[in-house]
Amino acid sequence: MGFTISAVLLFGIASFFVLKAKAAGAGAAIVLFLFGFFAAGTGAYEPITNLVQSAAAALTDIAG
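Everything quoted here is computed from the prediction, not taken from an experiment. (Residues numbered from 1 in each chain as written. Predicted model: local features only at pLDDT ≥ 70, side-chain atom pairs only at ≥ 80, totals over all residues. Heavy atoms only, no water.)

Here we look at the overall build of the protein chain
Across its full length, the protein chain holds 3 helices and 0 strands. Burial status across the protein chain gives 16% buried among its 64 residues. Carbon and sulfur atoms make up 71% of the accessible area of the protein chain, which amounts to about 4900 Å² in all. (Helix = DSSP H or I, 4+ residues; strand = E, 2+ residues; numbered from the N terminus. Buried < 20%, exposed > 50% of the residue type's maximum accessible area, 1.4 Å probe, protein only. Areas by Shrake-Rupley, 256 points an atom, 1.4 Å probe, with all protein chains shown as cover.)

Here's the deal with the packing of aromatic side chains
The tally for this structure, following the rule as stated, stands at 1 aromatic pair. Taking the centre distance of 5.3 Å and the plane angle of 75 degrees together, the rings of Phe16 and Phe17 count as edge-to-face. On the basis of relative accessible area, Phe17 is assigned to the exposed category, the value being 52%. (Phe/Tyr/Trp six-rings, centres within 6.5 Å; stacked < 30°, edge-to-face > 60°.)

Remarks on a nonpolar patch on the surface
A cluster of nonpolar side chains, contributed by Leu9, Ile13, Phe16 and Phe17, occupies part of the molecular surface with about 420 Å² of accessible area. One can find Phe16 in helix H1 (residues 7-21). (Patch = residues over 30% accessible without salt bridge, like charges linked within 9 Å, V, L, I, M, F, W, Y side chains within 5 Å. Salt bridge = Lys/Arg side-chain N within 4 Å of Asp/Glu carboxyl O.)

Thoughts on the environment of Val31
Tracing the backbone shows Val31 in helix H2 (residues 26-40). C-alpha of Val31 to C-alpha of Ile13: the two residues are 18 residues apart in sequence and 9.7 Å apart in space. Ignoring any residue separated from it by four or fewer positions in sequence, one finds Val31 in contact with Phe11, Ala14, Ser15 and Val18. (Contact = heavy atoms within 4.5 Å.)

Topic: the packing of H2 against helix H3 (residues 45-63)
Look at H2 against H3: their axes get within 11 Å of each other, and the N-to-C directions meet at 130 degrees. When the axes of H2 and H3 are compared, the pair comes out oblique. Once H2 is placed against H3, the crossing between them reads as left-handed. Here H2 contributes Phe33, Leu34, Phe37 and Phe38 to the contact with H3, which in turn contributes Tyr45, Ile48, Thr49 and Val52. Tallied by class, the residues present in the contact of H2 with H3 amount to 7 nonpolar, 1 polar and no charged. (Axes fitted to C-alpha atoms, helices over the stretch in contact; angles between N-to-C directions. Parallel < 35°, antiparallel > 145°, perpendicular 65-115°, else oblique. Left-handed = near helix turned anticlockwise from the far one by under 90°. Nonpolar A, V, L, I, M, F, W, Y, C, P; charged D, E, K, R; others polar.)

Quick look at the structure:
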C-alpha cells in the first residue's frame, strides 16, 4: 500500500510547527528553506527535488 503526500503540504505543516515552537536551529532552517523553495518552484527545482526524492527513497528503504 503506497502513501503519497505533497512536499509543499509536508514542509508547510513542518514549518507551522517550527514557527509555533519558536525553534531556531539548522533543522528548522532546512524545513523553512524547503517549504519556501517548493512553494515558489524556482529555477533550482530539479536538483533540489532530486535530492529530496533520494532522501525520501533512502528513508523508505530503511523503514521497509
